[in-house]
Structure formats: C-alpha cells, structure tokens
Amino acid sequence: MRALFTTYRPIIGFLGKMLLAYVVWYVMYHLWLFPDGRLDALVARNVALLSGGALHLLGVEASVDGRVVLMASGRGIFVADECTGLAAIGLFLGFVLAFPGSQLRRMLFIPMGMVAIHLANVVRIAFLAWFNEGYPAFFDAVHEWGVLPFYYAVVFVLWMVWAHYGAGRGIPHRAVPHPAAG
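Since we're looking at a predicted model, the values are computed, not measured.

(A) Expanded view of the packing of aromatic side chains. The final tally for this structure, using the stated rule, is 10 aromatic pairs. Residues phenylalanine 95 and tryptophan 159 carry aromatic rings whose centres are separated by 5.2 Å and whose planes lie at 20° to one another, so their mutual orientation is stacked. Here phenylalanine 95 is found in helix H4 (residues 86-98), whereas its partner tryptophan 159 is found in helix H6 (residues 139-166), with 64 residues between them in sequence. Joined through ring pairs, the aromatic side chains of Phe127, Trp130, Phe131 and Tyr135 make up one cluster. Directly above the ring of tyrosine 151 sits arginine 124, whose terminal nitrogen or CZ lies 5.2 Å from the centroid.

Encoded structure:
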C-alpha cells in the first residue's frame, strides 16, 4: 500500500490541492460573495454590456439595460448570477493553483485565463441573445446543451495549456516497474 501511495503521490497531492481550492472557493463564494451580491451584479452587468457591444460590432441591433441584453424585437435575455462565469473561473483558479508550475508563470497565466473565460462567456451570452431572437422555442435546449459545452471547452483548453506549457515540466513522472519485470 505504501508503494502505491508513493507511486501516485503527485496525483494524490494534485487532487488534494484541487479539492482544497474548490472548498475554499465554494465557502468564500457562498458565505460572502453571493449573499453580498455586488460581485455577481458587477460581472453580470459587464457581461451584458460587452455582449451587447459584440452584437453591435456584428451589425445586430441590440441594447443593454442593466443585466438584460435586448434585441430589436424587444425579446431579451437576463444575465443571472449563475451566468456570470464566476464558477468556471473558480474551477480554473483551483486547477492552476493545484497543478505544479513556477509562481511567475502562474501569476501571468491566471489573469490571462480569467479574461479568456470572461470573453468566452460574453460570446456565449451574445450568441444566446441573438439565438433567442430568431428561435425562442429552442432557447432552453441551446442554453443548456448547445453553448455550455463550448464554454467549458474553453476552460478545459486553458487547463491543458497550463498543464503542458505554463507549468513547464508538469507532474514529475516516476518509473513504475511492470509487474512481470520481476
């Protein structure tokens, strides 16, 4: 059993750090940030504003009223607290903090990743506002199953970039003898 622990120690350490980071984020968010509401409101308004701006850049008539992205027809979408992207940023931070790497690279990569996740969320919200304008009957399905995989794929790609390039050597590999190599 001790040999097994020694063999998988880097993986167990990573999972332990990841779990700790998630618990810290969860407690901090649900005990302080969410009840206060200011961070969610600020991020939601920013996502709505940038999404409306993105639609304008694409030649789509849209306006923004607080957390709502309104289309020309008057149909709009509300950027709820769950749609701010803060949970995905929390997961991203947990991974980057738990995975080995130099502190300098980590401090450079974290802000870049947070901005990338935020911008991916802006694209997601802009697309949903546009889609809801033309295909409201399919909005719920696309909201739940269409754009969410795209959004989390962005987070996954950032994790992979950190694991392969940002962390340098990554988790050290230990030679594990084959059982038959007696």
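(B) Geometry of the nonpolar core. Judged by nonpolar contacts, the single largest core of 23 residues is most densely connected at Leu55, Val69, Ile77, Val79, Ile125, Leu128 and Ala129. At the level of elements, helix H2 (9-36), helix H3 (38-57), strand E2 (68-71), helix H5 (103-134) and H6 are the ones that each hand at least two residues to this core. Once you skip the residues sitting within four places of it in the chain, valine 69 turns out to touch Ala48, Ser51, Gly52, Leu55, Ser63, Arg75, Gly76, Ile77, Ile125 and Ala129. Counting residues in each nonpolar core, the second largest holds 19 residues, with Phe14, Met18, Val155 and Ala163 among its members.

(C) Spotlight on the packing of H4 against H6. Following both chains from N to C, one finds H4 and H6 inclined at 15°, their axes separated by 10 Å at the closest point. Overall, the two elements H4 and H6 adopt an arrangement that is roughly parallel. Relative to H6, the crossing made by H4 is right-handed. Packed against H4, whose contacting residues are Ala88, Leu91, Phe92, Phe95 and Val96, the element H6 presents Tyr151, Tyr152, Val155, Leu158, Trp159, Trp162 and Ala163 at the interface. A breakdown of the residues in the contact of H4 with H6 according to their chemical character gives 12 nonpolar, no polar and no charged.

(D) Structural view of the pairing of E2. The alternating pattern of E2 places Val69 and Met71 on a buried face and Val68 and Leu70 on a face that is not buried. Relative to E2, strand E1 (residues 62-65) runs antiparallel, the two sharing four bridges. When the sheet's bridge partners are listed, aspartate 65 is paired in E2 with valine 68. Linking two consecutive strands that pair antiparallel, namely E1 and E2, is a turn of two residues; a positive phi of about 70° is found at glycine 66 within it. Alignment of E2 against strand E3 (residues 76-78), held across three bridges, turns out to be antiparallel. Across the sheet, residue valine 68 finds its bridge partner in E3, namely phenylalanine 78.

So, how was this worked out
- Residues numbered from 1 in each chain as written.
- Predicted model: local features only at pLDDT ≥ 70, side-chain atom pairs only at ≥ 80, totals over all residues.
- Heavy atoms only, no water.
- Phe/Tyr/Trp six-rings, centres within 6.5 Å; stacked < 30°, edge-to-face > 60°.
- Helix = DSSP H or I, 4+ residues; strand = E, 2+ residues; numbered from the N terminus.
- Lys NZ or Arg CZ within 6 Å of the ring centre and 35° of its normal.
- Core = buried A, V, L, I, M, F, W, Y, C linked by side-chain atoms within 4.5 Å.
- Buried < 20%, exposed > 50% of the residue type's maximum accessible area, 1.4 Å probe, protein only.
- Contact = heavy atoms within 4.5 Å.
- Axes fitted to C-alpha atoms, helices over the stretch in contact; angles between N-to-C directions.
- Parallel < 35°, antiparallel > 145°, perpendicular 65-115°, else oblique.
- Left-handed = near helix turned anticlockwise from the far one by under 90°.
- Nonpolar A, V, L, I, M, F, W, Y, C, P; charged D, E, K, R; others polar.
- Pairing = 2+ DSSP bridges.

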